[in-house]
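Spelled out, the chains give:
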Amino acid sequence: MARLEIDWTRCDGHGLCATLLGGDVALDEWGFPVLKGREITAGELPDARRAVLACPALALRLDKSVKGY
């Protein structure tokens, strides 16, 4: 399993991650992502990778050091 992380020094609040991963990412009142903090399952991993690659600010990443991954 893996967990999503945001590099806040890069995030500009485009919101694409919430569009691609609505079950794991919500947007706050200013349009910045709020992570649900749960582990990404194997079935969700392809969509999570797609969201990481699509982030225009390169602010989203997958932490694969989560136990059991």
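Residues numbered from 1 in each chain as written. Predicted model: local features only at pLDDT ≥ 70, side-chain atom pairs only at ≥ 80, totals over all residues. Heavy atoms only, no water.

As recorded in an unreviewed UniProt entry, the protein goes by the name Ferredoxin, listed as coming from Kribbella antibiotica.

### Observations regarding the nonpolar core
Counting residues in each nonpolar core, the largest one holds 18 residues, and the members touching the most others are Leu 4, Leu 21, Val 25, Ile 40, Ala 48, Leu 60 and Leu 62. Elements represented by at least two residues in this core include exactly strand 1 (3-6), helix 1 (16-20), helix 2 (45-54) and strand 4 (60-63). It is helix 2 that provides the largest number of residues to this core, a total of 4 residues. Leave out the neighbours within four places in its chain, and Leu 4 touches Leu 21, Asp 24, Val 25, Leu 35, Ile 40, Ala 48, Val 52, Leu 60, Arg 61 and Leu 62. (Core = buried A, V, L, I, M, F, W, Y, C linked by side-chain atoms within 4.5 Å. Buried < 20%, exposed > 50% of the residue type's maximum accessible area, 1.4 Å probe, protein only. Helix = DSSP H or I, 4+ residues; strand = E, 2+ residues; numbered from the N terminus. Contact = heavy atoms within 4.5 Å.)

### Topic: the pairing of strand 1
Burial along strand 1 is one-sided: the residues Leu 4 and Ile 6 are buried and none of Arg 3 and Glu 5 is. The pairing of strand 1 with strand 4 spans 4 bridges and is classified as antiparallel. If you follow Glu 5 over to strand 4, its bridge partner there is Arg 61. (Pairing = 2+ DSSP bridges.)

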